[in-house]
Amino acid sequence: MPDGVSIGWTYNPDRAQPFQRPAREPTTDEKIASIDARCAQVLARGAPYGDRRIAIHDTGRTDLGGMATTAIAALAGALSWPENYALGWIAMDNTRVPLPTPADGLAVADAAARYYAAARQRARDLKDQALAAADAAALNAIDINSGWPEA
């Protein structure tokens, strides 16, 4: 046998590498890291709004919060809706999502916030499952690819 091969390995002479190491079960920390990575992928694709996507990284959410605050103030009559917001929110494809009214601005901010919250809650649910897993089989049974907000 080649060096390093031990009990538990499989052998198949028809494969390019005939000796295969046994599959190692992930640890809880590795499962949580994979959940975090999957959540990051979901968030990176942005929140859907109509036929576009809105960036929801940290800076994007901060900008949306500022715009939403301005929209609330405009709806309350404390200030006018700025022309620069009315021109549109810049989507991830670098096109404008028209925001002719403060309510339109709130609609974009709401869609982004709901998508972000759904992704974060899904990640938390999966992490809770990983932390509660009684054994490696239960940890492996956790499907980290389903249940995320729709694209």
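Structural data are supplied above this passage.
Everything in this summary refers to the structure shown in the same document. (Residues numbered from 1 in each chain as written. Predicted model: local features only at pLDDT ≥ 70, side-chain atom pairs only at ≥ 80, totals over all residues. Heavy atoms only, no water.)

1. Overview of the overall build of the protein
Along the protein, the regular secondary structure elements total five helices and six strands. Of the regular secondary structure in the protein, the N- to C-terminal order runs β-β-α-β-β-α-α-β-β-α-α. Relative to the 2.2 N^0.38 estimate, which gives 15 Å for 151 residues, the radius of gyration of the protein is 23 Å and therefore markedly larger than a compact globule would have. Taking the principal axes of its C-alpha atoms as reference, the protein extends roughly 80 × 35 × 20 Å. (Helix = DSSP H or I, 4+ residues; strand = E, 2+ residues; numbered from the N terminus. Rg over C-alpha atoms; globule rule 2.2 N^0.38 Å.)

2. Focus on the pattern of salt bridges
Throughout the structure, instances matching the rule amount to five salt bridges. Here Asp 51 and Arg 52 are joined by a salt bridge, their closest N and O atoms 3.9 Å apart. Here Arg 124 and Asp 128 are joined by a salt bridge, their closest N and O atoms 3.0 Å apart. Separated by four residues within a single helix, Arg 124 and Asp 128 lie in helix H4 (residues 102–132), roughly one turn from each other. Look at Arg 124 and you get partly exposed, because its relative accessible area is 35%. By relative accessible area, which is 39% here, Asp 128 ends up partly exposed. (Salt bridge = Lys/Arg side-chain N within 4 Å of Asp/Glu carboxyl O. Buried < 20%, exposed > 50% of the residue type's maximum accessible area, 1.4 Å probe, protein only.)

3. Re the nonpolar core
In this structure, Ile 54 and Trp 89 are the most contacted members of the largest nonpolar core, which totals 31 residues. Elements with a contribution of two residues or more to this core: helix H1 (28–44), helix H2 (58–75) and H4. Once residues lying within four places of it in the same chain are set aside, the contact partners of Ile 54 are Gly 46, Ala 47, Tyr 49, Leu 64, Trp 89, Ala 91, Met 92, Val 97, Val 108 and Ala 112. (Core = buried A, V, L, I, M, F, W, Y, C linked by side-chain atoms within 4.5 Å. Contact = heavy atoms within 4.5 Å.)

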